[in-house]
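Secondary and tertiary structure notes
Each chain, written out:
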Amino acid sequence: MVIKEQGKVIGEIPFQDVTCLTIASRGVSLSSDVVLECIQHGIQINFLTPSGKPYAKITSPQLSGTVLTRREQILAYKDGRGLALALAFIDGKLRNQVNVLKYFGKYRRASDAALYQELVTRIAAIEEIKKELEGISDGTVEEARGNIFSIEGRAAQAYWEGVGLLLGQRIEFAGRERRGAEDPVNSALNYGYGILYSQVWGAVMLAGLEPFAGFLHTDRPGKPSLVLDLTEEFRACIVDRTVIGMILRGTAINQNEGSLTEETRRELARRILERLDGEENYEGKKYKMRSIVQRQARRVAAYLRGEGKYKPFIAGW
């Protein structure tokens, strides 16, 4: 793969060394030869807006998996499997949020005892709220969705309060905003989530799952509900941890007229892709995070086909 800028070659990468291709800038051209080589090597091509929102994906039409997986995925929405998966996704999200606070808190136990104690209080609050998930066991995900999101929302409030305490001396952060956020922290988080969505979307497709037939997130035209579902357990341990770490280490999150600068976007992308290439313990072995995302998608597919249980991925701290 030859990369050129203004007609000058700035990089050459063997296709066997490429895991995915993400286009996050305007005015980028791809030759049909590059597209063909990517498809032949199983490399998905992702397109992101400058704010990090995925708007297109190129992948092989042959990577669709077995039809049995999709048949069972649709049926599972109306039985206990859909509810079990929704609960697992949120359980994983909350446990990884706790571990992110623990990860950054352990370095402040001696240096800032007051901050450490504040983090411990938020961690305890999340763990107490998480226990309520155990009381949801019957019915369908449609019936339980409101209760599940109530638990997730209350835990999120404690989590983002903890993040705010960590960032307080470095940068102003009033809390989490999803759509239309213009402050540096939320803009960085949203951009990182966009990169993560693309990774999860690719994993879902490779596992033979239907991206738009989720369980936790409601159905809506153009909304990849299952991608959003599976993304929940990876948000904190991949994106939040990376963005918080960058800010605490003094990396500037620069903006121009409410949008991240190109330099900041490049640095964010580099750091998040670096995190995806980092290793974590998984089923007794060390795997790259991007491989764990893929394995979790396959685990969802296997569970839907009746081949074992589904457990969320929990990162170390």
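Now for a description of the structure that goes with this document.

Thresholds applied
Residues numbered from 1 in each chain as written. Predicted model: local features only at pLDDT ≥ 70, side-chain atom pairs only at ≥ 80, totals over all residues. Heavy atoms only, no water. Helix = DSSP H or I, 4+ residues; strand = E, 2+ residues; numbered from the N terminus. Buried < 20%, exposed > 50% of the residue type's maximum accessible area, 1.4 Å probe, protein only. Contact = heavy atoms within 4.5 Å. Lys, Arg positive; Asp, Glu negative; His and termini not counted. Charge placed at Lys NZ, Arg CZ, Asp CG, Glu CD. Pairing = 2+ DSSP bridges. Patch = residues over 30% accessible without salt bridge, like charges linked within 9 Å, V, L, I, M, F, W, Y side chains within 5 Å. Areas by Shrake-Rupley, 256 points an atom, 1.4 Å probe, with all protein chains shown as cover. Salt bridge = Lys/Arg side-chain N within 4 Å of Asp/Glu carboxyl O. Phe/Tyr/Trp six-rings, centres within 6.5 Å; stacked < 30°, edge-to-face > 60°. Polar contact = N/O pair within 3.5 Å; in protein donor to acceptor, adjacent residues only side chain to side chain. Core = buried A, V, L, I, M, F, W, Y, C linked by side-chain atoms within 4.5 Å. Axes fitted to C-alpha atoms, helices over the stretch in contact; angles between N-to-C directions. Parallel < 35°, antiparallel > 145°, perpendicular 65-115°, else oblique. Left-handed = near helix turned anticlockwise from the far one by under 90°.

Considerations on the overall build of the protein chain
Helix and strand counts for the protein chain come out as nine helices and nine strands. On the principal axes, the C-alpha backbone points of the protein chain span a range of 55 × 50 × 40 Å. A buried classification covers 51% of the 317 residues belonging to the protein chain. In the protein chain, the share of contacts with a sequence separation of at least 24, taken over all contacts with a separation of at least 6, comes to 64%. Computed over 44 positive and 39 negative side-chain charges, the separation of the two mean positions in the protein chain equals 3 Å.

Thoughts on the pairing of strand S1 (residues 2-5)
Relative to strand S2 (residues 8-12), S1 runs antiparallel, the two sharing four bridges. Bridging from a neighbouring strand, Val 2 pairs with Glu 12 of S2. As consecutive antiparallel partners, S1 and S2 are separated by two residues, and within that stretch Gln 6 has a phi angle of approximately 55°, a positive value.

What about a nonpolar patch on the surface?
A contiguous nonpolar patch, built from Ile 3, Ile 10 and Ile 13 and spanning about 240 Å² of accessible area, is present on the exposed surface. For Ile 10, the location among the structural elements is in strand S2. A residue is classified by how much of its surface remains accessible, and Ile 10, at 53% relative accessible area, is exposed.

Here we look at the pattern of salt bridges
Under the counting rule described, the total for this entry stands at 23 salt bridges. Between Glu 142 and Lys 78 there is a salt bridge whose closest N-O contact spans 3.8 Å. Here the residue Glu 142 occupies a position in helix H5 (residues 141-167), and Lys 78 occupies one in the loop between helix H2 (67-76) and helix H3 (80-105), the gap between them amounting to 64 residues. Within the structure, one salt-bridge network assembled from shared partners comprises Lys 93, Glu 152, Glu 232 and Arg 235.

As for the packing of aromatic side chains
What the rule picks out here adds up to 10 aromatic pairs. Between Tyr 103 and Phe 104 the ring centres are 4.9 Å apart and the planes differ by 85°, which places this aromatic pair in the edge-to-face class. Under the relative-accessibility criterion, Phe 104 is labelled buried at 5%. With a centroid separation of 5.9 Å and an interplanar angle of 15°, the aromatic rings of Phe 234 and Phe 313 are classed as stacked. In this pair, Phe 234 sits in helix H7 (residues 225-248) while Phe 313 sits in the segment after helix H9 (289-304), placing the two residues 79 residues apart along the sequence. When its relative accessible area of 0% is taken as the criterion, Phe 234 is described as buried.

What about unusual backbone geometry?
Despite not being glycine, Gln 6 has its phi angle at roughly 55°, a positive value. Looking at Gln 6, the relative accessible area reads 83%, which means it is exposed. Its identity as a non-glycine residue notwithstanding, Glu 283 has a phi of 55°, on the positive side. One can find Glu 283 in the loop between strand S8 (279-282) and strand S9 (285-288). Classification of Glu 283 by relative accessible area gives exposed; the value is 53%.

Remarks on the side chain of Arg 145
Checked against the element boundaries, Arg 145 lands in helix H5. Despite its burial, Arg 145 pairs with no opposite charge; the closest candidate is Glu 142, at 5.0 Å N-O. Of note is the side chain of Arg 145, whose polar atom sits 3.2 Å from the side chain of Tyr 77. For Arg 145, the residues in contact, after removing those within four places along its chain, are Tyr 77, Phe 215, Leu 216, His 217 and Thr 218.

Focus on the nonpolar core
Formed by 88 residues in total, the largest nonpolar core has its most connected members in Ile 148, Tyr 159, Leu 167, Leu 230, Phe 234 and Ile 238. Counting residues per element, the ones that place at least two in this core are H3, helix H4 (113-130), H5, helix H6 (184-206), H7, helix H8 (262-276) and H9. Among the elements that make up this core, the one with the highest residue count is H7 (14 residues). When sequence neighbours within four positions are dropped, the list of residues in contact with Tyr 159 reads Gln 97, Val 100, Leu 101, Ile 126, Ala 236, Asp 240 and Ile 244. Counting residues in hydrophobic clusters, the runner-up holds 10 residues, among them Met 1, Phe 15, Ile 23 and Phe 47.

Some details on the packing of H7 against H9
Direction vectors running N to C along H7 and H9 enclose 160°, while the axes themselves pass 11 Å from each other. Between H7 and H9, the angle is such that the two are roughly antiparallel. Where H7 crosses over H9, the handedness of that crossing is right-handed. Facing Leu 230, Glu 233, Phe 234, Cys 237 and Ile 238 of H7, the residues of H9 in contact are Met 289, Ile 292, Val 293, Gln 296, Ala 297 and Val 300.

Regarding the packing of H3 against H7
Where H3 contacts H7, the two axes come as close as 7 Å, and the packing angle between them is 15°. Between H3 and H7, the interaxial angle falls into the category roughly parallel. Handedness of the crossing formed by H3 with H7: right-handed. Note on element contacts: H7 touches H3 through Asp 229, Leu 230, Glu 232, Glu 233, Arg 235, Ala 236, Cys 237, Arg 241, Ile 244, Gly 245 and Leu 248, opposite Phe 89, Gly 92, Lys 93, Asn 96, Gln 97, Val 100, Tyr 103 and Phe 104.

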